Every structure is written in structure tokens, then in C-alpha cells.
Protein chains: 2
Amino acid sequence: MNSPGDVLDLISRGAAETRTDLARQTGMARSTVAQRVDALIGFGLVEETEPGESTGGRPPRLLRLNTAHNCVLGVDLGATHCRVALLDIGGKPLASCETPIQITQGPHEVLAHVDARMHELLTRANRPLESVKAIGIGVPGPVEFATGRPVNPPIMPGWHEYPIPDFFTSRYNVEVLVDNDVNVLALGERRFAYPGSAHLLFVKIGTGIGCGIVADGRLHRGAQGSAGDIGHIRVPDAPHAVCRCGNTGCLEAVAGGAALAARLSAAGTPARTGHDVVTLVNQGDAAALRLVREGGRVIGDVLAGLVNFFNPEAIVVGGVMAQVHEPLLAGMREVIYQRSLPLATHRLTVVPSRSGEEGGSLGAGRLAIDHILAPDYINRALSTGQGAA
Amino acid sequence: MNSPGDVLDLISRGAAETRTDLARQTGMARSTVAQRVDALIGFGLVEETEPGESTGGRPPRLLRLNTAHNCVLGVDLGATHCRVALLDIGGKPLASCETPIQITQGPHEVLAHVDARMHELLTRANRPLESVKAIGIGVPGPVEFATGRPVNPPIMPGWHEYPIPDFFTSRYNVEVLVDNDVNVLALGERRFAYPGSAHLLFVKIGTGIGCGIVADGRLHRGAQGSAGDIGHIRVPDAPHAVCRCGNTGCLEAVAGGAALAARLSAAGTPARTGHDVVTLVNQGDAAALRLVREGGRVIGDVLAGLVNFFNPEAIVVGGVMAQVHEPLLAGMREVIYQRSLPLATHRLTVVPSRSGEEGGSLGAGRLAIDHILAPDYINRALSTGQGAA
DNA sequence: ATAACTTCGTTCGATGATCGACGTAAGTAG
DNA sequence: CTACTTACGTCGATCATCGAACGAAGTTAT
């Protein structure tokens, strides 16, 4: 708690607004804090705003992140969509857009499309390209986070080992963070909705089923970066359901959006995708409703085990199917609270995602923001004297 | 990388043996390192040993942890046994003992027994009481780590909320760390056998089944400290097996040592405990062998899911049943490598525990050692000027 | 209005930690 | 024995941080 980066951290978290606050919280002398703040202001990351309320003496000069000159881009790539968001470093969305793409067209075409959208957003928000300080990207497949390369992504042919960051670093001269889309969603959800939770699971129920893991406040990616792949855990309910992974009885072959649609079709109500199932539920279709709730139970069965194993504080449910979260969460809770240990469920909350359609791009932006506001990144940047604004 | 604690950390990990080494690795000036080392020597934690090999100039004076004046006590409490070990702070066992106890006799009696064993070990190893710098304890139930109090432990009546550390702090004037026995085992196994693995699961298969989780090199205890309780995850194989937890179909009600014994008895071969099953397997009993392998498959089914979820580098199997690890691990691997995703199993190793009977007490000792050698603990201690040796 | 008080921010000399040059110790190579 | 190499300790210089003192800018009491 004594570096310039820590000072910035307190400001960005809203934990301190004045120099005196900072001195109290860091334990440093006021003079030292003032020097740190001056450096950060000179660096362009912090600005002084209007005077604050007096508490009986001279009013303090409030400090804020300099959101005018610093922003990040967050990108959410899906199988068939691409959402790009421009955020200031306070996390406030400035502009965003969603366009259809085919991820199967390969990295060159897709990333060029993303690049074009980025420029549009910058123009629309009237921000120069130099104000972009980092880029975060979520992709629908496993990624080696350190290098930003997808690793044998099942639904992204042509992307294996492609160095995504390189495409942008040459164009923007900033660092590019690439991660799995579910991790990015977990991060976004945590910061936007549950700032305090150190242990959180974000369960995305779309066509398939995935899970982002926040352990001790940080993303857990596992040894090969494949952690959270819960879609292919075996469930007892349908031992013969064939999964795209080649195995049978996988969770997502029973309770994923595609599986629910298939089962609904087989039962006589035509549905092609998870979206169709959602539509039917919203139209009051009893069979669809029953199926979603039953799917929730199956997912809950897996989550009950993970609750015992991981002991999270919160489970957040997102993805297409979460649009009908009432029956889905009802089914999940039913099983979780019955099957998990009381100590683990005592303070567990199971809630729908609050971040909505933009969750992915905002979470990707958050990944970028967290990176450039990290204390050691700031300390390095200040000591090497790289200008920001 | 610049505090006295970091210098000690390098020495204790064996990463640096000379002052020049330390200067290179920390980036500090040699003079600064020398001052740090002097402080640590004065504090009694480091000592100079014989001169090292010359590499063409003046031979360096090697530095080591001062193991003569510093040791820790590690305690492994089970339902019916108590193992105490005295280790020097290098982790070398100096003396140990195992005695039968009944944990049900409650904290006063059991801890008094432990205290007596501690004094015996100190006498036997000829170390003064003052050389004990910390105490680590593993107990068979959930513990609130921060306070060292068991929380509703199912097999430890009378221990609920009992402040175990207080019992010893008054007698030894050192810090006491209390954790779940499986966590302690995971810690011990990691340090003794797989120093590099950041993500490790230690699965203990005794009467029940539990799991210690090492994530990013540190123990994951979860929100309520109940993480790793995998014994009560539902398995599809025996939906009607009644578990002591009140539910049915729990993993430990199917594949735990007690369950295996019960099933073997029901099949005509009398066995009362997991131990009996182990004995039968070692005697070549075909039914017991088949049952253990089948139990391995059931556990493997659960672990396959956890491998997908957590993506560990290694799964280490310990506990009584691991004494027959050939059939057990065969069954586990069979299922894990079939059911988990290739990316996750690619570099996964499933191995028996190497720490043996003493694993618990050594791991508890390791918990204590890690605590007193932690950089920030050392920094605090040096700045407050508390003497050590 | 004015004085007294409170709080905020800055200036500046004192202090302490760290550095790096230098000197000495203790070995090897020729 | 001399030159060279490497390691360790000493000591003055330097730099970061602190804390006291001061000025700035408000509120409260008279």
C-alpha cells in the first residue's frame, strides 16, 4: 500500500476522492500523496474536478479518473455476432454496436470487421485513436491467455494458434488482452454487479454451457486455460444423449439451448435454437416451460456438486437461456439447495446476470481496464516515463 | 522483490545461497543485501555455514536457514488418532509420534494429550520450548481458518466454535494455524512432492472422501471455508445408497472406505472398515479388488467433472484406501481420461500420495513454516524487533 | 463584518533507506 | 610470487519519504 499504482487503485475504486482521504487510507504522509497525485495527473490518468463539500474548513479538491482522455475497447465475439463497446476507464459505456458475423470466416476477415467497428465507435464518440489505452477481447473458445492465441477452438476453424493481439497492436499500439468469452462475462458481472464477491461462478447457458470462475477475486483459468468447461460433465439423467464432443450424457447435450430445442421438437413443438425455446416460454408454452425448468434441475445437479467443491458466494446465470430465468433458476435452486451442504449454501445466492446483452463487451472492456489500472502496470509505466494523455 | 522477507524467501526456497546470488535475484545493491542478511542473522533465522566452492575468486560464504534454533510443530488429528511431528524450519522431520485418541472426548482432553506429546518430542529431539516458532494443526472437519475454530464439525462433538489456537498460544507464545486435515495434506503433498504445480487437487479417500484444493499455488478454502467437500456429490451409480449426511447417492456413500466395507460385507465377505478392505485386497481377494476398482471408477466420474471445471495439473490420491492405489487409480484414470476434455487431461497426472502416514503432520508443519517464513510476516517481525533465536 | 476555528494543500528541511564506488579478503591461474 | 577473479564490508552520495510549518479557503461564533 505505498506505490503510485495503489493511489490510483484507490481513486479508481472510488475508495478515496481527496488527497487527505488517500493519505489516511495509504498511511503515507500528505506530502507524499500529493506528489503521487501530481505524477498521476501529469501522466493524464487522474484529473482534479470541482471543489467538494466543506466539512467546516477548506473544501477538498476532488480527484477522479481522467475519463476524457482515456478509454478502452471491449469486444465480444460469438459464433454469429460481434459486439464492440467503447468505455472510458471508469467503466462507463460511451458507444457500442452489434453486428452479425460468421466466426468461421477466420481471423483476418473477422478482425478487420472488428477494427472497422472500432473506428466507427471512436468517430461516433468523438474520441481520438490515441485515447484508446487497451483492448479486451472475449472469444468463444479456449485461449492461451498469456499469448492471446486460441487453442483448438471447436467452433472457430482457422483460429488455432492465431495471435489475435498482434492484429491490433500494430494498429493501436496498445496491449490487447484475449480471453474466453465466459471468463470475460464473469469478470464483467463481478465488477458491475457484485463488487465484493471473492468467489463467484458465472454460468453461461447458451447453445452450449460454460462457466467462468472467479477465485479470490481473480479469474481462475487452470493449468491449460481450459477451466470452467462444465458443458461436458456427465449427468445421469440422459445417459444416451449424444454430444457434439463425441461423448454421451454431457450436461450440454441435455440442458443446453440446442438440446432443449431438439427435445422440444421431438416432443412435437418445433424449435431450432435456444432462442426459439425462449420465445415459446415467453408465449406461455407449457411444454417449453416444463422443459426449461427440468433443464434447470439438470444444471443444478452439476452445480450442486461444484458448490460443494468450490464453495462460491454467488452463482450468476447468463446466456440466451437466462432470458427465461424464472423457471431456469427455480429448477437450479431446487436441486442446489437440496443437494449441497448447508454450510456451503448458507449464504449462497443464485441470481440471473444483470449485465444483459452487453455483458460480454463490457466485461472485455473491464478486462482491459483492470489491466491498465493494475498497480504494478502503473508503477512500471510511471518509472519508464511513457506518456499516457 | 525488495524486502527482508523476500531475501529470506529466496534463501528458504533454495533459490539463492550467497549474498551475491541474492543481489542478482532481487536486483538490490550488494550492500543492501548484506544489511538484510545481517538483520536476518541477528534475528536468528539465517546462519552462515562453511565457505562454498570458489569459482576462480574468493569463495562465497553460504547462507542457510538457521534450522538449529527454529522449529515448528505439526499436528494431524483424526477421528481415532493423533500424530505430532517436530520439524525444523527447513521442513526436515526431527521427531514424530502417533497415538490413538478419541476425538469425541472433546477439545480439553485431546489438546492436553497433544500438548504432552509435543513436550515429549521436544525432549526427545533435545530442543528447548523456545525454539518452537509456530504450530500447525489439521482437524477432521470444517474450520474457520482465520480464527482456528471448527464450524459444526460432524465427527467432532464438543468442538464447535472451540478456539483451538488459544489453548496453545498461552503455553507456547507462538501463532497457531488450524485448518481442515485435507487442506493440510494438500499443502504437504504440494511442497514435498510437486513443488511446481500451481493447480493441484489432493483427494483423500478414507472412511469418507474429501478434497484439498490448491489454486494458483495457494489453498482455496471458499467463501465459508467448506470448499473441497466432494464426498457428498451425487453419483448416478447408486441412487439409493444412504449417506450419513442424510441425502442419498452421495459419492462417499458409494465409494468411501466405509461404504466399500459395507458393500463387501453384504456380498458375503465380512469387512468393517476401509482398512479391512485394504487388507483383503492385499491378500488377493478378488471381490475386494473388483470393488475397489469399481469405487475408483465412481470417484473418477466425479473427478472427471472437476477436471473439466478446475483444470488441475495433478490429482494426488491419499487416505487409507490409497494404500491399494493400483486398482483404485486404475479405475479413476479409466474414467477421467475417457470423460474429461483432451485439453484438460493432456498434461494431467493422477498419482498416489507420496507423503504416506506422516503426510498430515508434515503438511500441518508446512502450514506453520509457510506462515513464519512468509515475507510480510518477516517484515512485520523485523520492524517490531521481536527477537527469534 | 470580523475573528476564531477547521480543514486542505504545499513547501521545505530532516531523516532514513538504498546505492554504488572503493578497499580488503580470499581464493585460482600462470 | 604476481596477476586475476570473485566475494564481502565500508562509507559518502543520493533519493524518497516524512512531518512540521505555513498559506489557502472555507465555516462558525461574536
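What you see is a predicted model, and the numbers here were worked out from it, not measured in a lab.

**Points about the overall build of chain A**
No. 1: Scanning chain A from terminus to terminus reveals 14 helices and 14 strands.
No. 2: For 389 residues, the compact-globule formula gives about 21 Å, and the C-alpha radius of gyration of chain A, at 23 Å, lands near that figure.
No. 3: Here the C-alpha coordinates of chain A stretch approximately 70 × 50 × 40 Å along the principal axes.
No. 4: Sorting the 389 residues of chain A into buried and exposed places 56% on the buried side.
No. 5: Of the contacts formed within chain A by residues at least 6 apart in sequence, a portion of 60% connects residues at least 24 apart.
No. 6: Just so you have it, chain A exposes about 15,900 Å², and 49% of that area is on carbon and sulfur atoms.
No. 7: In chain A, 34 side chains carry a positive charge and 38 a negative one; their mean positions are 4 Å apart.

**Some words on empty space enclosed by the protein**
No. 1: Under the criterion given, the structure shown has 1 cavity of 30 Å³ or more.
No. 2: Looking at the largest cavity, its volume works out to about 300 Å³.
No. 3: In terms of lining residues, the largest cavity is bounded by 22 residues, among which A:Ile233, A:Arg234, A:Val302, B:Ile233 and B:Arg234 are the most central.
No. 4: Elements supplying a minimum of two residues to the lining of the largest cavity: α10 (286-310) of chain A together with α10 (286-310) of chain B.

**Examining the pairing of strand β6 (residues 132-139) of chain A**
Residues and elements named next belong to chain A.
No. 1: Most of β6 is tucked away: 8 of the 8 residues are buried.
No. 2: Pairing between strand β3 (residues 71-77) and β6: 6 bridges, direction parallel. Across the sheet, residue valine 72 finds its bridge partner in β6, namely alanine 134.
No. 3: For β6 and strand β9 (residues 175-180), the ladder comprises 6 bridges, and the chain directions are parallel. Across the sheet, the residue bridging to valine 139 is asparagine 180, located in β9.

**Regarding the relation of the copies chain B and chain A**
No. 1: Its rotation angle being 180°, the transformation that places chain B on chain A also includes 0.0 Å of axial translation and leaves an RMSD of 0.2 Å. The relationship between the two copies is best expressed as a two-fold rotation axis. No C-alpha of chain B lies nearer the rotation axis than that of B:Pro236, which sits 2.7 Å from it.
No. 2: Same-surface contact between copies: 100% of interface residues of chain B are shared with the interface of chain A.

**What about the protein's contact with DNA strand D?**
No. 1: Lining the immediate surroundings of DNA strand D are 23 residues, of which A:Ser31, A:Thr32, A:Arg36, B:Gly57 and B:Arg58 lie closest.
No. 2: Backbone polar atom of A:Ala29 to a phosphate oxygen of DNA strand D: 3.1 Å apart, as the coordinates give it.
No. 3: Within the backbone of B:Arg61, a nitrogen or oxygen atom sits 2.9 Å from a phosphate oxygen of DNA strand D.
No. 4: Top contributing element to the surface near DNA strand D by residue count: helix α3 (residues 30-43) of chain A, with 5 residues.
No. 5: The class makeup of the residues in the surface near DNA strand D is 5 nonpolar, 11 polar and 7 charged.

**What about the sheet that holds β9(A)?**
Residue and element names in this part refer to chain A.
No. 1: Overall, mixed pairing links the 5 strands, which are arranged β5-β4-β3-β6-β9 in an open sheet. The sheet is open, and its two edges are formed by β5 (93-100) and β9, each paired on a single side. On average, each strand axis in the sheet is inclined to that of its neighbour by 15°, with strand direction left out of account.
No. 2: Its contacts with the sheet place helix α4 (residues 107-125) against β3, β4 (81-88), β5 and β6, and it is angled at close to 145° to β5.

**With respect to the domain arrangement of chain A**
Interfaces are often sized by the accessible area lost when the parts come together.
All names here are of chain A.
No. 1: For chain A, the assigned domains are domain 1 (4-65), domain 2 (71-173 + 359-384) and domain 3 (193-353).
No. 2: Measuring from the centre of the C-alpha atoms in domain 1 to the corresponding centre in domain 2 gives 30 Å.
No. 3: Residue-level contacts link 11 residues of domain 1 with 8 residues of domain 2.
No. 4: Summing both partners gives a buried area of about 810 Å² for domain 1 against domain 2, and 83% of it is carried by carbon and sulfur.
No. 5: Taken together, the connections running from domain 1 to domain 2 amount to 0 salt bridges.
No. 6: Remark: the boundary between domain 1 and domain 2 carries 1 residue pair in polar contact (both at pLDDT 80 or more).
No. 7: Put simply, the parts of the chain that give the side of domain 1 that touches domain 2 at least two residues each are α1 (4-12) and α3.

**A short note on α4(A)**
Residues and elements named next belong to chain A.
No. 1: Here α4 spans 26 Å end to end across 19 residues, near enough to the 27 Å set by a 1.5 Å rise per residue.
No. 2: On its buried face, α4 is in contact with β3, β4, β5, β6 and α5 (164-172).
No. 3: Just beyond α4, the residue with positive phi is asparagine 126, at close to 60°.

**A short note on the side chain of A:Lys133**
Residue and element names in this part refer to chain A.
No. 1: Along the chain, lysine 133 falls in strand β6.
No. 2: The buried charged residue lysine 133 lacks any salt bridge, with glutamate 130 as its nearest oppositely charged partner at 8.1 Å.
No. 3: Of note is the side chain of lysine 133, whose polar atom sits 2.9 Å from the backbone oxygen of glutamate 130.

Definitions and cut-offs
Residues numbered from 1 in each chain as written. Chains lettered and ligands numbered in written order. Predicted model: local features only at pLDDT ≥ 70, side-chain atom pairs only at ≥ 80, totals over all residues. Heavy atoms only, no water. Helix = DSSP H or I, 4+ residues; strand = E, 2+ residues; numbered from the N terminus. Rg over C-alpha atoms; globule rule 2.2 N^0.38 Å. Buried < 20%, exposed > 50% of the residue type's maximum accessible area, 1.4 Å probe, protein only. Contact = heavy atoms within 4.5 Å. Areas by Shrake-Rupley, 256 points an atom, 1.4 Å probe, with all protein chains shown as cover. Lys, Arg positive; Asp, Glu negative; His and termini not counted. Charge placed at Lys NZ, Arg CZ, Asp CG, Glu CD. 1 Å grid on protein atoms, 1.4 Å probe; cavity = no way out; pocket = protein on both sides within 12 Å on 5 of 7 lines; lining within 4 Å. Points joined across faces, edges and corners; volume = space filled by probe spheres on them. Pairing = 2+ DSSP bridges. Least-squares fit on C-alpha atoms with pLDDT ≥ 70 in both. Near = heavy atom within 4 Å. Polar contact = N/O pair within 3.5 Å; in protein donor to acceptor, adjacent residues only side chain to side chain. Nonpolar A, V, L, I, M, F, W, Y, C, P; charged D, E, K, R; others polar. Axes fitted to C-alpha atoms, helices over the stretch in contact; angles between N-to-C directions. Domains from an automatic or database assignment. Buried area = accessible area lost by both parts, 1.4 Å probe. Salt bridge = Lys/Arg side-chain N within 4 Å of Asp/Glu carboxyl O. Expected span 1.5 Å × (residues − 1).

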